[in-house]
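Structural description and commentary
So you can see what is in the structure, the chains are spelled out below.
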Amino acid sequence: MEMLIAPSLLAADFLRLGEEIRRAEASGADLLHCDVMDGVYVPNISFGFSVLEPIAKIARLPLDVHMMTVCPDRYVDKLAKIGAASVTVHSDAMDPERTVETLKAIRSSGMKAAVALSPKRPAAELLPFIELIDMALVMTVEPGFGGQSFMADMMPKVGEVRGLLDRYNPSCRIQVDGGIASGTIGAAASAGADVFVVGTASFRSEDMSGAVSSLRRAAEDAVRP
């Protein structure tokens, strides 16, 4: 699959958010990753719809919304209304039955659906949802904080997820989020990931276009025969 780069707005300069969005678009990035944190599912609070709505109005890149919240099902209609392209919910944010209904609602609203696995959650936790998702997100840091170090011990889990998807949902993508940079993206790609959330290594780079290009090339090189 094509390697996709998704700069994370959590690493952007919030005093210049419109300019930062334009910079991401000009860099050649594929998606704009938006972390919504509620201070309950994770200890930090990031931003909600008062910020997400104006972002959606000006962004030309597809919005990849990562809901690090309890009760993400409450917001499906609103996310669809603002034009989110994809919505990720965590495997342990709700009970499995409610998660299934949420994923169905996301897809029936015309958005792509994804399930995220925090570091302590096993690959097998995807199984109840595996035919309902367009993407699986393997967290390579603990959710809720930016700037953490890449957890290389998550790579076997990425491989396990790839194996499950190859069996039950081969077209499903694998996203990784946390500590993705020039020195780590190759390992993630080799393990089976093809969508890469990049925070510090994108928005904090003086040459964002060069950074995005270099990261994509490193991922492609890692899987080239």
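Everything here concerns the structure above.
Below is a short write-up of the structure. Keep in mind the model is a prediction, meaning the values are calculated, not measured. Each residue is numbered by its place in its chain's sequence as written, counting from 1. pLDDT decides what is reported in this predicted model: residues at 70 or higher carry local features, side-chain atom pairs at 80 or more are listed and counted, and totals for whole chains, interfaces and linings draw on all residues regardless. Derived side-chain values reflect all non-hydrogen atoms in the structure, with water molecules and hydrogen atoms excluded from consideration.

**Some details on the sheet that holds strand β6 (residues 135–139)**
If you trace the eight strands from one edge of the open sheet to the other, you get β1-β8-β7-β6-β5-β4-β3-β2, paired in parallel fashion. The two strands at the open ends of the sheet, each matched to only one other strand, are β1 (4–7) and β2 (32–37). Pairs of neighbouring strands in the sheet enclose a mean axial angle of 25 degrees, with direction left out of account. Two strands qualify as a pair provided that DSSP identifies no fewer than 2 bridges between them. Put simply, DSSP H or I for four residues or longer makes a helix, DSSP E for two residues or longer makes a strand, and each gets a number counted from the N terminus. Across five bridges, strand β4 (residues 86–90) lies against strand β5 (residues 112–117) in parallel orientation. Considered in β5, the bridge of V87 is made with A113. Lines fitted to C-alpha atoms define the axes here, with helix axes fitted over just the stretch in contact, and angles between the N-to-C directions of these axes take values from 0 to 180 degrees.

**Some points on the environment of A24**
Inspection of the secondary structure assignment puts A24 in helix α1 (residues 17–26). Whether a residue is buried, partly exposed or exposed follows from its accessible area with a 1.4 Å probe, protein chains only, as a fraction of its type maximum: under 20%, in between, or over 50%, in that order. In this structure A24 comes out as buried when scored by relative accessible area, which is 0%. Throughout, a contact is declared for two residues whenever any of their heavy atoms are within 4.5 Å. With sequence-adjacent residues up to four places away left out, A24 is seen in contact with P7, A29, L32, L61, F203 and M208.

**Comments concerning the nonpolar core**
A general tendency of soluble globular proteins is for nonpolar side chains to be buried together. Within the largest apolar cluster, 66 residues are counted, with the highest numbers of intra-cluster contacts made by L9, L32, L52, L79, L103, V161 and F196. Of the residues forming this core, the biggest block, five residues, is contributed by helix α5 (residues 155–168). Every residue in contact with V161, bar those within four places of it in the chain, is listed here: L117, A123, L126, A136, V138 and I174. Side-chain atoms within 4.5 Å are what join buried Ala, Val, Leu, Ile, Met, Phe, Trp, Tyr and Cys residues into a set we call a nonpolar core. The next biggest cluster of nonpolar side chains, apart from the first, holds seven residues, and it includes L4, A6, V195 and V197.

**Here's the deal with the packing of aromatic side chains**
Ring pairs (aromatic) are described by centroid distance and by the angle formed between their planes. Aromatic pairing here means that ring centres of Phe, Tyr or Trp (its six-membered ring) are within 6.5 Å. Orientation follows from the plane angle: under 30 degrees is stacked, over 60 is edge-to-face, and everything else is tilted. Summed over the entire model, instances satisfying the criterion amount to two aromatic pairs. Ring centres of F14 and F47 lie 5.9 Å apart, and the angle between their planes is 45 degrees; this geometry places the pair in the tilted category. With F14 in the loop between β1 and α1 and F47 in the loop between β2 and α2 (49–58), this pair connects stretches of sequence that are 33 residues apart. Assessed through its relative accessible area of 6%, F47 is described here as buried.

**Some words on unusual backbone geometry**
Positive phi, close to 55 degrees, is recorded for C71, a residue that is not glycine. Examined against the element boundaries, C71 turns out to sit in the loop between β3 (63–68) and α3 (76–82). For C71, a relative accessible area of 16% corresponds to the buried category.

**Digging into the pattern of salt bridges**
Between Lys or Arg on one side and Asp or Glu on the other, a salt bridge is scored when a side-chain nitrogen of the former is within 4 Å of a carboxyl oxygen of the latter. Tallied over the entire structure, the rule returns 17 salt bridges. Taking the shortest distance from any N to any O, the salt bridge between R23 and E20 comes out at 3.0 Å. Note that R23 and E20 are positioned in helix α1 at a spacing of three residues, about one turn of the helix. By relative accessible area, E20 is classed as buried at 3%. Here D73 ties to R98 by a salt bridge, and the two come within 2.8 Å at their closest N and O atoms. In this pair, D73 is assigned in the loop between β3 and α3 and R98 in helix α4 (residues 96–108), connecting sequence segments 25 residues apart. Sharing partners across several salt bridges, the network here consists of D13, R16, E19, E20 and R23.

**Quick look at the pairing of β5**
Counting buried positions along β5 yields five of six residues, so the element is predominantly enclosed. For crossovers, right-handed means that the path from the first strand over the helix to the second runs clockwise, given strands pointing away from the viewer. Tracing the backbone out of β4, into α4 and back to the parallel element β5 gives a crossover that is right-handed. Here β5 pairs with β6 via four bridges, running parallel. Each residue of the ladder has a partner; that of A114, found in β6, is M135.

**Topic: the side chain of S202**
Within the fold, S202 resides in helix α7 (residues 200–203). The class for S202 is buried, based on a relative accessible area of 1%. In this structure, S202 is in contact with P7, S8, R23 and M208, ignoring residues within four places of it in sequence.

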